Amino acid sequence: MNEQLFPADGKFEANIRRTTNGVPHIKADNLASAAFGHGYAQAQDNVCVLAEAFVKARSERAKYFGPGENNNNIINDFSFKAQDILSGAKAEFPSLSEESRAMVEGFTAGYNRYVSEADPGTLPLECRDQPWVKQIAPTDLLAHYRIVGQRASGALFATGVAFAAVPPGESAEPVPAPPVISFGNEPASRLQVTAAARSNARKIDNFVDTGLASNAWGIGSELTENGKGALLANPHFPYTGHRRLYQAQLTVPGYLNVNGAGLLGTAIPLINFNEHLAWSHTVTTSRRFTWYELELKSGDPLTYIKDGVEKPITSRNIQIEVNVGGPEPVIFERTFWFSEFGPMLAANEVNDAFPAWGGNGLVNGKPAAYTYRDANANTSGLLDTWLGMSRAGNLEEFKDVFRECGSTLWTNTTYTDDQGNAYYIDSSSVPNLSGAALAVLDFKRTASPAFNALFERGITLLDGSKSRDDWIEGECAGLVPFESKPQLQRTDWVQNSNSSHWSTNPDEFLTGFSPLFGAENAPINPRTRLGIRMLQNPTDPGLDSNTNPPAGQDGKFSARDLIDTIWNNRAWYAEQFLPELRARCAIVGASPVNVPQALLPTEPAVTSPGTQEVTAGCQAMLGWNGTYDLTSTGAHLFRAFIDIYNRSFPDDLTTPFNPADPVNTPADPSTNNRGTNDDPMLQSLAAAMVLLNDAGIALNSPLGEVQYYQPTGGVPPGGDPANAQALSARIPWHGGDGNVEGAFNAIGVVDNNFAEDTRIPRVNTADYEDGEGARFAGGVSPDDGEGWLIARGTSWHFGLEFTEEGPQAYGLTSYSQSTDAESDFFVDQSMRYSQKDARKLFFTDAEIEQNLLPGGEATISN
C-alpha cells in the first residue's frame, strides 16, 4: 500500500486548523486522511446542502421530498437513473486510480464521521431531524461527481428532454409498480408528469450558455512588479446550492500542499495555488455533447440503420420511489430507450424544427429518432486531473496533466507561475470529430440557415447513419487530445471572460480549431472587451479618475492591484455609451421624449405615459461616476437604460464588428434623431425612468441602498418556498450585471424558488418580464423599493503574485464558508466583501499559526 495515499493501519487522521473567517488548513500524513479532514470540515459548515446533493445523486428526491414543483423530482430521479448516475458510479468505482480512491474514500469517511456525531436536532433548519441526512457510500460521492461533470451536458436533458422521449404508441407517464396502492379515493398513479417534462424541455433556449461566468487573467513576467507571474481569479458562481465554492488548504508533507476552493463535495480544491504555480477556471464556449439523428428502419421505430447495418434501440425498465403522502413511498416505473450513443431524446419538444420519433428527419429526410453522446458521461478521472494540477511544480508538469487526457469538464484554465509564464488552454471535454465530419458540418451550416440556427443554439446535429460522424476514439476516448486544443503561452498576459479561445490575447489570435470549441473571428462579450481594454491600458482608470488604474501608476500588476481590479466595478457599456448619452441629454434639455409602449414590460404591465421629460434621469447620469460601487448614484438607472436600449434597438450601432478590432467594435450609436424626442438612447432612458418609478426606486439612490445580498432559507426540501425567510440583515452589495451592463465584477439576481441545483426553498423576488419571459433591468423587483436581491456572481475570488517569499494572495469567498445561519462563518466574509476588505490567503505554517482562531485547531480520526 502506498503510504502517501493511504494510512498503513487503515485509520484516517487529520489535523484541522481554522484561520480568519473559518478557513480550514488540513494537514495529514497521507492523501486519504487529508480528504477525510476536508470532508469533515465541509460537513461542519454545509451539511444540509451536501446531504441534499447525495439524495439527488441517488435519485431519491421524490422518495423524501415528494413529486416536487411540477413533478420535477420525479423527472430528475428517473432521468438521472437513465443517465446511469449512481449505477455508473458503482460500475466505475473498482477501476478508479489509487489516488482517486484515496480521495473519495477519505472524504466519504470524513463526512460520515461528522454526520454520525452530530445531533440531528441541532442541525440547520434546512435539514434538522431529517431522515435523509445519513451516512453515505463512496459511490454516492462519485455519483455526485457525475452530476457535477454533466452540469453543461447531460444535466440539461435531465429536466425533461430525455424523460419525454418515447417511440410511437408508448407513454412517458410513470405507473405504479404492482401491487398498485391507493389512499382513500385517490389513486397513487395520478401524477401527470409528461406534460411537465415537455414544458421543461421548451424552456431550454441555448445548450451552450450554462448561465455561469467568470474572469481569469494570467499575468506574465513582462507586466509584474517582480518579473514573476500573477493571477486574477474571479469565478461568477451561484451563492446558493451545490455550486458554492469552499476554500481549504490540503497538505500532505512531501506530496501535496495546495490552497484553493472547490465546489461543495469535491475532495480537493479546484481553483488553486501551490508554492510554484496558480490557476483559475472560466466556463467555456465549447460543446460537451453531440446529437445524432438515427435513420430508422422502415416500419420499425426501434431499429436504426448505420452504414447499412441494422442496430437495435434498446430499452430498460426504471423504478423510483415517490412519497405521495401515504405511510410508505410508492414505487413507480416506466421504460426508457437507448441507442449506442446514450439515452434517446424528445428533440421535437425542444424545437419545432425536429419531428417526433418516427417523423422524417432533418439530416436525411427519412424516418428518424434522436439521441446524444455526452463527453462527460464518465467522470472517474475528475479528481486525478485536479490532483495532478495541484502537485505540478512547473508549466511542463502542469501541461502533462492534459497531455495525459486530463479534463476540466466544462471550463478553460488560465495559469501563471513563479517563472513568469502566462498560459491558457481550453481544457474542457470536447468531442473529437474527423475532418470529414467537420467538413460536412461546416457545409450544412453554410448551406442551411435553419441548420446553422440550431448549431448557434448549441445543438451539434450529426448523422447517426454514418460512422463518419462517430467520435474518433484515439488516445483520449473520443475527446480532442492535448495537441489539438486551443492554448496560448506568453510572457505578457492571457485572459478569458467566457468568450471563446479566439481572443485570449488579440496580439496572437487563436484560429483553426474545431468549431465545437467556439466561434472564431466573431464578436466577444462585453466583459471580455472590458478585461482586454484594462490589460491593454493598465494605467487607465476608466471613467472615474478616483478609481485606481488596474496596474497602479507603474503599469505593473501586484496581488493587491488584481483584487482591486475586480473591485473597481467598471462596466463596458458605461465606458462605451455614457459620454454619448450625456451629450444627447444636453441637446434634448427639458423637451419631453416619446416612450413607446413596446419598450416597457408586459408582466407586470408598466403603462407608458406617452412622453417623459428626462431632465431628472440626465442629472442622475451626469452625477454618476460610471462604476457600480455602493456609493455610486445612478448606476441602477444606467442598468435599466442599457438593458432597454440593447433589447429594443439591437441594430442601432453603425460601426459593425471588425475581427481585427474585437475590443472596440461594434460601436457608435446612430445619429439619426440624435437629441430629439425619437432618439433611441433618450427613449430608452425615459423608459428606464418609467420602469424604476413603477418599482419605487429613486433615480439617484446610491447603489448600496437598492442592491444587496441576503441569504434566505430555513425550510427543508419539500417545504413551501413561501415559508422561506431572511437569515441575515441585508448586506449592501457592489458590482454590476455582466450580461446587462457588461460589468467586470459580475453579480446578478436569480429567478429560482430553490437554492441552485437543490430543492431547498429560498426567497425569490418577483421581476418584470417581456412577452417572451426575459427579465428587465437585470431582475429588479416590481415590489415597491425592493431593488435587486443578488444571488450569483463574484464568489471565491483573489489576486495573487509570486514573490521571493512564495505566493502572496488576497481575496475572499463573497458568500462566506458556511450555509449554517448559526455559524460564525455564515456572513462574515460577506460583510468584508461589502466593505472591500480583502484578507490574506494564508499559506505557510508560520502564517497559519499566527492567525489561528481561538479553539480553532482539532485532530480528528475515524
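Rules and cut-offs
Residues numbered from 1 in each chain as written. Predicted model: local features only at pLDDT ≥ 70, side-chain atom pairs only at ≥ 80, totals over all residues. Heavy atoms only, no water. Helix = DSSP H or I, 4+ residues; strand = E, 2+ residues; numbered from the N terminus. Rg over C-alpha atoms; globule rule 2.2 N^0.38 Å. Buried < 20%, exposed > 50% of the residue type's maximum accessible area, 1.4 Å probe, protein only. Areas by Shrake-Rupley, 256 points an atom, 1.4 Å probe, with all protein chains shown as cover. Lys, Arg positive; Asp, Glu negative; His and termini not counted. Charge placed at Lys NZ, Arg CZ, Asp CG, Glu CD. 1 Å grid on protein atoms, 1.4 Å probe; cavity = no way out; pocket = protein on both sides within 12 Å on 5 of 7 lines; lining within 4 Å. Points joined across faces, edges and corners; volume = space filled by probe spheres on them. Nonpolar A, V, L, I, M, F, W, Y, C, P; charged D, E, K, R; others polar. Salt bridge = Lys/Arg side-chain N within 4 Å of Asp/Glu carboxyl O. Arc of directions from axis to C-beta. Contact = heavy atoms within 4.5 Å. Polar contact = N/O pair within 3.5 Å; in protein donor to acceptor, adjacent residues only side chain to side chain. Pairing = 2+ DSSP bridges. Core = buried A, V, L, I, M, F, W, Y, C linked by side-chain atoms within 4.5 Å. Disulfide = S-S within 2.5 Å.

Undergrad: Can you walk me through the overall build of the protein in this structure?
TA: Within the protein, the secondary structure is distributed over 22 helices and 37 strands. Relative to a compact globule of 862 residues, whose C-alpha radius of gyration would be 29 Å, the protein shows 27 Å and is just as compact. Judged by the C-alpha coordinates and their principal axes, the protein covers about 75 × 70 × 60 Å. Looking at the protein as a whole, 64% of its 862 residues are labelled buried. Total accessible area on the protein stands at roughly 29000 Å², and carbon and sulfur atoms take up 46% of it. Separation of charge centres in the protein, based on 62 positive and 103 negative side chains, amounts to 3 Å.

Undergrad: What exactly am I supposed to notice about helix α3 (residues 72–82) here?
TA: The periodicity of an α-helix, 3.6 residues per turn, causes residues three or four positions apart to be oriented the same way. The buried fraction of α3 is high, at 10 of 11 residues. Inspection of α3 places Asn72, Asn73, Ile74, Ile75, Asn76, Asp77, Phe78, Ser79, Phe80 and Ala82 among the buried residues, and these make up the whole buried set. Following α3 by one or two positions, Asp84 adopts a phi angle in the positive range, close to 60 degrees.

Undergrad: What is the right way to look at the layout of surface pockets in this model?
TA: Empty space among the atoms can be located by rolling a probe the size of a water molecule over them. In this structure, the second largest pocket encloses a volume near 750 Å³. Forming the walls of the second largest pocket are 34 residues, and the residues nearest its centre are Ala375, Ala377, Asn378, Thr379 and Leu479. Those elements that place two or more of their residues in the lining of the second largest pocket are β18 (368–374), α10 (382–391) and α11 (395–403). The class makeup of the residues in the lining of the second largest pocket is 14 nonpolar, 12 polar and 8 charged.

Undergrad: Would you mind showing me how to read the pattern of salt bridges here?
TA: Oppositely charged side chains are able to pair whenever their charged atoms sit close together. In total, this model carries 45 salt bridges according to the counting rule given. Close ionic contact of Arg113 with Glu117 constitutes a salt bridge, the shortest N to O distance being 2.7 Å. A residue pair is termed a helical-turn pair when its members lie 3 or 4 positions apart in one helix, as Arg113 and Glu117 do in helix α5 (residues 98–117) at 4 residues. In this structure, Glu741 and Arg639 form a salt bridge, with 2.9 Å as the shortest nitrogen-oxygen distance. Note that Glu741 is positioned in the loop between β31 (731–732) and β32 (747–749) and Arg639 in helix α18 (residues 635–648), a separation of 102 residues in sequence. Taking the relative accessible area as the measure of exposure, Glu741 reaches 0% and is therefore buried.

Undergrad: Explain α11 here, please?
TA: Where α11 is concerned, the buried positions are Leu395, Phe398, Lys399, Val401 and Phe402. Buried residues of α11 fall within an arc of 140 degrees about the axis and therefore sit on the same side. For α11, the elements touching its buried residues are β11 (277–283), α10, β19 (411–417), β20 (422–425) and β22 (487–490). Between the side-chain oxygen at the start of α11 and the backbone nitrogen of Glu396 there is a gap of 3.2 Å, and the oxygen is on Asn394.

Undergrad: Sorry if this is basic, but what is going on with the pairing of strand β9 (residues 256–263) here?
TA: In the case of a regular strand, side chains alternate between the two sheet surfaces. Along β9, 7 of the 8 residues are buried, which leaves the element largely enclosed by surrounding structure. Direction of pairing for strand β8 (residues 245–252) relative to β9: antiparallel, over a ladder of 8 bridges. The residue of β9 that forms the bridge with Val252 is Leu256. Hairpin connection from β8 to β9: 3 residues lie between these consecutive antiparallel strands, with Gly254 at a positive phi of about 80 degrees.

Undergrad: So what exactly am I meant to see when it comes to empty space enclosed by the protein here?
TA: Tallying each qualifying case throughout the model produces 5 cavities of 30 Å³ or more. Volume-wise, the largest cavity comes out at about 310 Å³. Together, 26 residues line the largest cavity, and Tyr239, Thr240, Pro711, Thr712 and Thr819 are the ones closest to its centre. If you list the elements that add at least two residues to the lining of the largest cavity, you get α1 (31–57), β29 (712–713) and β33 (788–794).

Undergrad: Help me understand the pairing of strand β34 (residues 796–803) in this model?
TA: Of all 8 residues in β34, 8 are buried; the element is thus mostly enclosed. Residues Trp796, Phe798, Leu800 and Phe802 point to one face of β34 and His797, Gly799, Glu801 and Thr803 to the other, with burial holding for every one of them. In terms of strand pairing, strand β7 (residues 230–238) meets β34 through 4 bridges, oriented antiparallel. Each bridged residue has a counterpart across the sheet, and for Ala233 the counterpart in β34 is Phe798. Bridging between β34 and strand β35 (residues 806–813) involves 8 bridges; their strand directions are antiparallel. The residue of β35 that forms the bridge with Phe798 is Gly811. The antiparallel pairing of β34 with β35 creates a hairpin that spans 2 residues between the two strands.

Undergrad: Where do I start with the nonpolar core in this structure?
TA: A general trend in soluble globular proteins is that nonpolar side chains are found buried together. Ranked by size, the top nonpolar core spans 189 residues in total, and within it Phe638, Leu685 and Phe798 carry the most contacts. When residues of this core are assigned to their parent elements, the largest contribution, 16 residues, is made by α1. In this structure Leu685 touches Leu581, Cys585, Val614, Gly617, Cys618, Met621, Leu637 and Phe641, once residues within four positions along its chain are discounted. Formed by 67 residues, the second largest nonpolar core is a distinct cluster that contains Trp291, Leu296, Val322 and Leu454.

Undergrad: I keep staring at the state of the cysteines and nothing clicks. Help me out?
TA: Linking two cysteines covalently through their sulfur atoms gives a disulfide. Here the structure, examined in full by the defined rule, presents 3 disulfides. One disulfide in the model links Cys48 with Cys127; its S-S distance is 2.0 Å. An S-S torsion of about -70 degrees defines the bridge between Cys48 and Cys127 as left-handed. Here Cys48, found in helix α1, pairs with Cys127, found in the loop between α5 and α6 (138–149); they are 79 residues apart in sequence, far enough to count as distant. Residue classification places Cys127 among the buried residues on the basis of a relative accessible area of 1%. With a sulfur-sulfur separation of 2.1 Å, Cys585 is cross-linked through a disulfide to Cys618. When the S-S torsion is -80 degrees, as for the bridge of Cys585 with Cys618, the disulfide is left-handed. Linking Cys585 in helix α16 (residues 572–588) with Cys618 in helix α17 (residues 615–623), this pair joins segments that are 33 residues apart in sequence. The pair formed by Cys585 and Cys618 is uniform in burial state, with each residue classed as buried.

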